[in-house]
Amino acid sequence: MKVRHILLTALLGGTLLGPMVMAKEVQLFNDKGFWTGPLQSVAKAAATNGIALKIAPYANAEQYKTFIQASVAAGRTPELFTWWTGATLGDLVATGQLAPLAGLWKEMEADGRFQPGIKDLFSIKGQPYAVPLQLSRWVVLYDQRVFTKLGLKPPKSWSELQTVAARIKAAGHTPFLATTQDGWRGFIWFQELLLRTDPKAYTGLNNGSVAYDSPAVRNVFRIWSDMYAKGWFSDPRSNEEINDFIRGKGVMYLFGEWAVGLLGKAGFPLKELGVFILPNAPGVQQAAIIVEGAPIVVSRKGAADADTMKALRFWVSNQGADTWGKASGNYIGNDKVPAPNTIISQVNAQLAQGHHTLFLRWWESVPATLQGEMVAEFNRFMLKPDMTTAFNVMKRMQNLNTTYWANRKKT
Amino acid sequence: MDPLMHNNQQLLNRIGLQHIQAAEQARQRQQFLLALPFMAPALLLVGGLLLLPVLYNIWLSVTHWQLFAGKDDFAGWQNYIQLWSNPYFDDALANTAIWVAASVVFPLLLGLALAMLFRQMPGQEWFKSLIFLPRILAPTALGVMWYYVYAPEGMLNQLLGMLSGTAVQIAWLFEDSLITPAIILAFVWQSCGLVMVLLLLGLAALPRDPLEAARLDGAHPWQVFYHITLPLLSPTILMVVILSVLAGFTVFDLLWVMGSSYPQQRTLSLAVFMYFEAFQKNSWSFAAATAMVIGGVVFAVSCLQTMLQARVDRMVR
């Protein structure tokens, strides 16, 4: 009787404790050291579901890329790791080391978690190879207090945008905040102006069919230099963009939604933050928005491992997405969970109304080997934003572009 | 052969010098073989961590490195040809030459002037410590500090504004013509302390007799410095030059931190150019070719300096 009692207790204990016994540890390699805290929150939430998710951050993107490249070249691709979308994802997919995730996406779309269209951002040649780590739309954040004081409303057309900017300038404020901080931000206004003036050229630029000194690009630089000439931009040399916005050095801030979290942490009262999508230039009908999608990918070995797929499924689950959203302020596109902040919910509402086409950010779309040199040229223009510099910049960018596509054809 | 030499040779042969020489060589060989096991760990370390990577780098520089596939198809001189036609390489090379020249001339002149000044000055230890203080700062910390000194609303512009009475907003670290001199100033500020200390050590080791004799003979202080002190100090000066040249070629931290917002950062030096090629563009074999160019230039300069060192040593003896 005593033995039977002990056995029953053990069986009961095992049943109750079973889910809490840790499965194999699944490492999520990433280069998002600044998000370690929020990622750890997701890991903690995963642990309550019997998933042992270990966050393995690299502080530096270059170190991280080198680690992944060396691992893939050695045939030891990590099971679960973050990467970049677009051309860079294509290079990784071409190695054959990544697992396609069509089955998972089918589940996610079927139950309404993700809208159609989002999958395409994480697909190569129609096949999805990643799920979102975060999905950020590039929008104009603005200080509502200034708008209210000047009696302004978010512009819905290009001419309204010009009027709003002119009124802000006339009132002694700087309309737009834009810097070359950290050396990568130079492309932000270029990509937005190109999409608003010529969406076809935006796509063509990154598949080699449109030149960097084409009429469409010249038009962008003309508009951009004109805006600088009117004094509509803040000092590009600043290294404190977030603080500059808080200090009122620019009223409108074109950036990814993920800046909301940074603004909040730096002390900006988020209830005073408004958002709108930059309107199209006259003649452009297509409603569009630039999206930055940071992916999590899984290797073929990882896809064959039950624990890894369990961790991945948790990430895109309602609980996972909600935990991540609350901890980081990031949105992964899961519509079944509340938006992490009001800005994201406002953008969702605007997109639902406008049926905007999603365009992948320039940074991901441009071939990886061209990224650094191209953005350095954009930065160069921002520091001396006249048409003489613009022509020189366009010439240099086109030389780099031509060399890249010529070498690509050879290999 | 000179008859005197021939006689000497005969004498040496008679006393069995050849046998003595042979025995000495055998003894040295034996000692070397005995020492080899003790040297082995150091040799393995140097070989494994230094020589092997260099040899691998030489191989890598003549291959095509595929990004993920890791294939290294032989490419001959293609990477080197591509290097010379790269639009940023010329600027990087020119800036490196400026760096090397500046890293030798300015710290040496300033360090020598400070060494001569503090040599016999009351309270010299306090001044020497103050001048040496920047040397103990990490280069990255120093770079961040100077970045804010040079910022558009930084200390330097504020000072110039106070002196001129108008607002000054010079973009020291953003203008093509200003960024390299600005960073060189930070480098000189950091390194002149070490140069001063090395030269002070050299000055302390100089024999006093020639200097006193010259003074007694009525030589002017400048004549004593130019004709006696400087030649006697030349081995130390040459050592300082060698260290400064190497520092000039390998400078990275300051350029990385202070040039972070400069659009053409990759042209600031060959070392920075190589970093961008290797880790931003992932062109590993192209970066290997750049490393070979840097290594080749440094090797050539080192050989030249070694020859000069030998000549100076002979002159001083």
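Residues numbered from 1 in each chain as written. Chains lettered and ligands numbered in written order. Predicted model: local features only at pLDDT ≥ 70, side-chain atom pairs only at ≥ 80, totals over all residues.

Caption draft 1: Region of the structure containing the overall build of chain A. In terms of regular secondary structure, chain A is built from 20 helices and eleven strands. In terms of C-alpha radius of gyration, chain A reaches 23 Å, essentially the compact-globule figure of 22 Å for 411 residues. Seen through its principal axes, chain A has C-alpha atoms that stretch 90 × 55 × 35 Å. Per-residue burial over chain A gives 45% buried out of 411 residues. In chain A, the proportion of contacts linking residues at least 24 apart, taken out of those at least 6 apart, comes to 76%. (Helix = DSSP H or I, 4+ residues; strand = E, 2+ residues; numbered from the N terminus. Rg over C-alpha atoms; globule rule 2.2 N^0.38 Å. Buried ≥ 20, exposed ≤ 12 C-beta atoms within 10 Å, placed from the backbone. Contact = placed C-beta atoms within 7 Å.)

Caption draft 2: Spatial organisation of the overall build of chain B. Counting its regular elements, chain B contains 13 helices and two strands. The C-alpha atoms of chain B give 27 Å as radius of gyration, which overshoots the globular expectation for 317 residues (20 Å, by more than 25%). When the backbone C-alpha atoms are referred to their principal axes, chain B occupies close to 90 × 70 × 40 Å.

Caption draft 3: Layout of the interface of chain B and chain A. Across the boundary between the two partners, chain B contributes 18 residues, which contact 22 residues of chain A. Across the side of chain B that touches chain A, the residue classes tally to nine nonpolar, eight polar and one charged. (Nonpolar A, V, L, I, M, F, W, Y, C, P; charged D, E, K, R; others polar.)

Caption draft 4: Here's a closer look at the domain arrangement of chain A. Residue and element names in this part refer to chain A. Domain boundaries assigned for chain A yield domain 1 (23-136 + 293-348) and domain 2 (138-290 + 362-410). Each side of the interface is counted separately: domain 1 has 17 residues, and domain 2 has 15 residues. Those elements that place two or more of their residues in the side of domain 1 that touches domain 2 are α4 (87-93), β6 (130-143) and α17 (342-354). For the side of domain 1 that touches domain 2, the element with the highest residue contribution is α17, accounting for four residues. (Domains from an automatic or database assignment.)

Caption draft 5: Up close: the nonpolar core. All names here are of chain A. Counting residues in each nonpolar core, the largest one holds 115 residues, and the members touching the most others are V140, L141, Y253, L254 and A311. The leading source of residues in this core is β6, at nine residues. Split by domain, this core shows at least three residues from each of two domains, domain 1 (23-136 + 293-348) and domain 2 (138-290 + 362-410). Aside from chain neighbours lying at most four places away, what touches L141 is Y253, F255, A259, L273, V275 and I343. (Core = buried A, V, L, I, M, F, W, Y, C linked by C-beta atoms within 7 Å.)

Caption draft 6: Structural detail: the confidence of the model for chain B. All names here are of chain B. Averaged over chain B, the pLDDT score is 88; the fraction of residues at 70 or greater is 95%. In the model of chain B, helix α1 (residues 3-14) stands out as the element of lowest mean pLDDT, 66, in contrast to helix α7 (residues 155-164), which has the highest, 94. The complex model carries a pTM of 0.83, and its ipTM stands at 0.77. (pLDDT = per-residue confidence, 0-100.)

Caption draft 7: Representation of the domain arrangement of chain B in the model. Splitting chain B by domain gives domain 1 (1-52) and domain 2 (94-316). A separation of 41 Å is found between the C-alpha centroids of domain 1 of chain B and domain 2 of chain B.

Caption draft 8: Structural detail: unusual backbone geometry. The phi dihedral of H355(A) is positive, around 50°, even though this residue is not glycine. Within the element layout of this structure, H355(A) appears in the loop between α17 and β11 (357-360).

Caption draft 9: Broad picture of helix α9 (residues 187-197) of chain A. The element α9(A) is largely enclosed, with a buried count of ten among its eleven residues. Buried within α9(A) are the following residues: I188(A), W189(A), F190(A), Q191(A), E192(A), L193(A), L194(A), L195(A), R196(A) and T197(A).

Caption draft 10: Local environment of the packing of helix α8 (residues 176-204) of chain B against helix α10 (residues 221-250) of chain B. All names here are of chain B. In the contact formed by α8 and α10, the axes pass within 9 Å of each other and the chain directions differ by 160°. On the basis of the axis angle, α8 is roughly antiparallel to α10. The crossing of α8 and α10 is right-handed. For the pair α8 and α10, the contacting residues are S191, V195, L198, L199, G202 and L203 in the first and L233, T236, V240 and A247 in the second. Taken together, the residues of the contact of α8 with α10 sort by class into seven nonpolar, three polar and no charged. (Axes fitted to C-alpha atoms, helices over the stretch in contact; angles between N-to-C directions. Parallel < 35°, antiparallel > 145°, perpendicular 65-115°, else oblique. Left-handed = near helix turned anticlockwise from the far one by under 90°.)

Caption draft 11: The arrangement of the packing of α9(A) against helix α11 (residues 215-229) of chain A in detail. All names here are of chain A. Put simply, α9 and α11 touch, their axes get as near as 9 Å, and they point 115° apart. Considering how the two elements wind past one another, α9 and α11 form a crossing that is right-handed. Contacts between α9 and α11 involve W189, F190, L193, L194 and T197 on the former and, on the latter, A216, N219, V220, I223 and W224.

Caption draft 12: Structural context of the pairing of β6(A). All names here are of chain A. Of all 14 residues in β6, 14 are buried; the element is thus mostly enclosed. Looking at chain direction, β6 and strand β10 (residues 288-298) are connected through eight bridges and run antiparallel. Counterpart to V131 in the pairing with β10 is I296. Of the strand pairs in this sheet, β6 and strand β8 (residues 252-256) are connected by five bridges, and their pairing is antiparallel. Across the sheet, residue L141 finds its bridge partner in β8, namely Y253. (Pairing = 2+ DSSP bridges.)

Caption draft 13: Just the environment of N243(A), in detail. Along the chain, N243(A) falls in helix α12 (residues 241-246). Along the sequence, N243(A) and G267(A) sit 24 residues apart, while their C-alpha atoms lie 8.9 Å from each other.

Caption draft 14: Summary view of the pairing of β10(A). Residue and element names in this part refer to chain A. Within β10, nine of the eleven residues are buried, leaving the element largely enclosed by the surrounding structure. Of the strand pairs in this sheet, strand β3 (residues 80-82) and β10 are connected by three bridges, and their pairing is antiparallel. Counted as the bridge partner of F81 is V297 from β10.

Caption draft 15: Main features of the environment of T236(B). All names here are of chain B. Here T236 is to be found in helix α10. Overall, T236 belongs to the partly exposed group, with 19 C-beta atoms counted inside 10 Å. With 34 residues separating them in the primary sequence, T236 and G202 have C-alpha atoms 5.8 Å apart. Leave out the neighbours within four places in its chain, and T236 touches L198, L199 and G202.

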